[in-house]
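Notes for the structure review
Each chain is listed here by its residues.
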Amino acid sequence: MVKTIEIRKAGFINKGAELMLLATIQEARRRMPDVRIAVAPTVEHPFTERARLGIWHKAELRRKGMDLGRLVDRAPAKLRHRYGFVAADEIDVVFDAAGFAYSDQWGPDPLDDFVGRLKEWEQRKQKLVLLPQAFGPFENQHLKDCMKRVADSAVLIFARDDKSYEHLVKAVGERDTIRQCPDFTNLLSPLAVLPETPEVTLQRGEGNVAIVPNARMMDKTAQDSQHTYPSFLIRSIRLLRTAGLKPFFLLHTTGEDQKLAEQVNAQLATSLPMVQAGGALEAKSIINQCDALIGSRFHALVNAMSQGVPAIGTGWSHKYRALFGDYDYAEGLSAVNLSDEDLHKSLAPILMPDARAQVSERLVTASIRLKQTVRSMWDDVYATVGLG
């Protein structure tokens, strides 16, 4: 009998969310070639993208507390399937791949929505798994209560790092169902054919350095960091150019990130080329051809380090420090308010060829270990939910 998996929270809103969606689909189809993958048709899951990946439409349309998708549920299965719809009660497993949504930092809305769906899943005996993601902190009592309700319902929850695990256990208590696994997008391979990038000629060894900005560095960090982040990027670009390297902007999302890049470009004597990858795997493929990366988007950093590309990162939550710890490369995480001298020291691992080669070797070794951990995680997941 064909099984159906719903994936929630991963989507096309940015490259990281798309990577998590693709990684989940890849593993499901590897184990069950005829599996149905379904997502709710939201703004994060536009039809053209769903169709391109062969994703089914979950019959769901929530308005003012009502789910109008129930009307589609009543149609005969043959008719629903003819148009690519699956009913809510056809779903066997729900995979949540939020990345980082359940925390005081994001407020009550994500968890309130999550908890509002649990009763329906439980009544249908659908198994819930929270794939590796960052959690917490949970100082707000309402969020603690919500997270406890989620933990009561889920058959497995994977915290992505030590701090997330600590936050989660502090909120809901020790449980056999709570485990730890690093980011799971590292098993995705870059494209066999490199995407066209007319703005930049890409090839390893040519000195290209991707600069991946993140507007969250402007609204999720302390006030002094908000003011110094553009300056950090400008000063870093100048150091790269002095070292004979060729920086360019690689946007993991349009909108705010692009505006930030344009703001930086306006303050440079010579503006940087700006590359907007068409998809998440295109972004990974572009990074694969770079000699180094400076980034503040979490999954841009994962894309770099999992492929042995030396990276310097800045971050706005505990998940960044944990990521560099996973790759045994703590010195790769930089502060944005450094003096010019300290910034030069911070960028030292990527400025010279010998230093980059040493870092790359370390990253490749760590990447092999982390990929095996992720494969073991998937084995646990599928054994627990009884699929594949």
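The sections below set out a description of the structure shown in this document. Bear in mind that the values here come from a model prediction, so they are computed numbers and not experimental data.

Moving on: the sheet that holds strand S12 (residues 208–212). What the five strands build is an open sheet, ordered S14-S13-S12-S15-S16; its pairing is parallel. Edge positions in the sheet fall to strand S14 (274–276) and strand S16 (311–313), since each has one partner strand and no second. For this sheet, the mean angle separating the axes of adjacent strands, direction not counted, is 25°.

Let us now look at the packing of helix H12 (residues 298–306) against helix H13 (residues 318–326). Here H12 crosses H13 at 5°, and the two axes come no closer than 11 Å. Of the possible angle classes, the one that applies to H12 and H13 is roughly parallel. Within the contact between the two elements, H12 uses Phe298, Leu301, Val302 and Met305 and H13 uses Lys319, Tyr320, Leu323 and Phe324. Of the residues belonging to the contact of H12 with H13, the class tally is seven nonpolar, no polar and one charged.

Quick look at unusual backbone geometry now. Looking along the chain, the bond that leaves Gly136 and enters Pro137 is cis, with omega of 5°. Tracing the backbone through its elements, the reader meets Pro137 in the loop between strand S9 (127–135) and helix H6 (141–153). Although it is not a glycine, Lys9 sits at a positive phi angle of roughly 80°. You can see Lys9 is positioned in the loop between strand S1 (4–8) and helix H1 (15–31). Residue class for Lys9 comes out partly exposed when judged on its relative accessible area of 30%. With a phi angle near 50°, Asp328 is a residue other than glycine that sits in the positive phi range. You can see Asp328 is positioned in the loop between H13 and helix H14 (340–351).

Attention now moves to the packing of aromatic side chains. Overall, the coordinates contain twelve aromatic pairs when judged by the stated rule. Aromatic side chains Phe95 and Trp378 sit 6.2 Å apart centroid to centroid with 65° between the ring planes, which places their arrangement in the edge-to-face category. Of this pair, Phe95 sits in strand S7 (residues 93–96) while Trp378 sits in helix H15 (residues 353–385), placing them 283 residues apart in sequence. By the burial criterion, Phe95 is buried, and Trp378 matches it. Aromatic side chains Phe95 and Tyr382 sit 6.0 Å apart centroid to centroid with 75° between the ring planes, which places their arrangement in the edge-to-face category. With a gap of 287 residues between them, Phe95 in strand S7 and Tyr382 in helix H15 connect regions that are remote in the sequence. Judged on exposure class, the residue Phe95 and its partner Tyr382 are both buried. In this structure an aromatic cluster arises from ring pairing among Phe100, Trp106, Phe298, Trp316 and Tyr320.

In an α-helix there are 3.6 residues to a turn, and that puts residues three or four apart on one side. For H12, the buried fraction is high: nine of the nine residues fall into the buried class. Listed in full, the buried residues belonging to H12 are Phe298, His299, Ala300, Leu301, Val302, Asn303, Ala304, Met305 and Ser306. Among the residues trailing H12, Gly308 stands out with phi positive, at a value near 75°.

Here the focus is the pairing of strand S13 (residues 246–251). With five of six residues buried, S13 lies mostly within the body of the structure. When S12 meets S13, the two strands line up parallel, connected through four bridges. The residue of S13 that forms the bridge with Ile211 is Phe249. Relative to S14, S13 runs parallel, the two being bridged by three bridges. Looking at S14, one finds that Leu251 is bridged to Gln276. Handedness of the crossover joining S13 and S14 through helix H10 (residues 256–265) is recorded here as right-handed.

Taken as a whole and judged by the stated rule, the model has 24 salt bridges. A salt bridge links Asp152 to Arg175; its shortest N-O distance comes to 2.9 Å. In this pair, Asp152 sits in helix H6 while Arg175 sits in the loop between helix H7 (162–172) and strand S11 (178–180), placing the two residues 23 residues apart along the sequence. A relative accessible area of 45% places Asp152 in the partly exposed class. Residue class for Arg175 comes out partly exposed when judged on its relative accessible area of 21%. Glu256 serves as the salt-bridge partner of Arg216, at 3.0 Å between the closest nitrogen and oxygen. In this pair, Arg216 sits in helix H8 (residues 216–219) while Glu256 sits in helix H10, placing the two residues 40 residues apart along the sequence. The buried category is assigned to Arg216, whose relative accessible area is 16%. Within the structure, one salt-bridge network assembled from shared partners comprises Arg8, Asp96, Asp113 and Arg117.

So, how was this worked out
Residues numbered from 1 in each chain as written. Predicted model: local features only at pLDDT ≥ 70, side-chain atom pairs only at ≥ 80, totals over all residues. Heavy atoms only, no water. Pairing = 2+ DSSP bridges. Helix = DSSP H or I, 4+ residues; strand = E, 2+ residues; numbered from the N terminus. Axes fitted to C-alpha atoms, helices over the stretch in contact; angles between N-to-C directions. Parallel < 35°, antiparallel > 145°, perpendicular 65-115°, else oblique. Contact = heavy atoms within 4.5 Å. Nonpolar A, V, L, I, M, F, W, Y, C, P; charged D, E, K, R; others polar. Buried < 20%, exposed > 50% of the residue type's maximum accessible area, 1.4 Å probe, protein only. Phe/Tyr/Trp six-rings, centres within 6.5 Å; stacked < 30°, edge-to-face > 60°. Right-handed = clockwise from strand over helix to strand, strands pointing away. Salt bridge = Lys/Arg side-chain N within 4 Å of Asp/Glu carboxyl O.

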